[in-house]
Amino acid sequence: IRGNAFPEISERAGQLFSEFTGGKYRGLFFDKDFAVKVLEENDTETRRIGYLSSGAIDTAYIALRVALAEYLCKKKPTLVFDDSFARIDDSRLSNILDVLVKLSKEYQIVILSCHDREEKMLAGKCKAVVLEDE
């Protein structure tokens, strides 16, 4: 796993994490104990993921989940995000949604949220189904 899967998953997750954060981070890695580490754009040493804010941690794990899905699934899976973006700031969320719109050419993507922020940011880019309270 360390020799084959982790380098490929780390590389893809790092690419996604960089896109999601507007280039602030340039890598996601696993150490020998399988702990997740990050590399900031101008740093030379990785840091444990606990160094990040809760929103950045959520962003990193979204990148890892997408990279894992791509690695593990022979057929493109449906990617479901259920209130996955609640602790992520607007700037980062905008980047994430832009990447997910690009990925939606290959994947079916479902975003569930009890807030309208995602719907507003995705207006005109995808189909939205809004459930109204009666």
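Here we summarise the structure given alongside this text. Values in this document were obtained by computation on a predicted structure and should not be read as measured data.

1. Some words on the environment of D116
Inspection of the secondary structure assignment puts D116 in the loop between β5 (109–112) and α4 (117–121). Classification of D116 as partly exposed rests on a relative accessible area of 41%.

2. A closer look at the packing of helix α1 (residues 5–20) against helix α2 (residues 54–72)
Where α1 contacts α2, the two axes come as close as 8 Å, and the packing angle between them is 135 degrees. As the angle between them shows, α1 and α2 are arranged oblique. With respect to the hand of their crossing, α1 and α2 are arranged in right-handed fashion. Seen from α1, the contacting residues are A5, E8, I9, R12, A13, L16, F17 and F20; seen from α2, they are A56, T59, A60, I62, A63, L64, V66, A67, L68, E70 and Y71. Taken together, the residues of the contact of α1 with α2 sort by class into 15 nonpolar, one polar and three charged.

3. What about the pattern of salt bridges?
Inspection of every chain in the model, using the stated rule, returns eight salt bridges. A salt bridge links R117 to D90; the nearest nitrogen and oxygen atoms lie 2.7 Å apart. With R117 in helix α4 and D90 in helix α3 (residues 90–103), the pair connects residues that are 27 residues apart, well separated along the chain. For R117, a relative accessible area of 21% corresponds to the partly exposed category. For D90, a relative accessible area of 45% translates into the label partly exposed. As a salt-bridge pair, D98 and K125 come within 3.2 Å of each other at their nearest N and O atoms. Of this pair, D98 sits in helix α3 while K125 sits in the segment after α4, and the two are 27 residues apart along the sequence.

Reading the values: the criteria
Residues numbered from 1 in each chain as written. Predicted model: local features only at pLDDT ≥ 70, side-chain atom pairs only at ≥ 80, totals over all residues. Heavy atoms only, no water. Helix = DSSP H or I, 4+ residues; strand = E, 2+ residues; numbered from the N terminus. Buried < 20%, exposed > 50% of the residue type's maximum accessible area, 1.4 Å probe, protein only. Axes fitted to C-alpha atoms, helices over the stretch in contact; angles between N-to-C directions. Parallel < 35°, antiparallel > 145°, perpendicular 65-115°, else oblique. Left-handed = near helix turned anticlockwise from the far one by under 90°. Contact = heavy atoms within 4.5 Å. Nonpolar A, V, L, I, M, F, W, Y, C, P; charged D, E, K, R; others polar. Salt bridge = Lys/Arg side-chain N within 4 Å of Asp/Glu carboxyl O.

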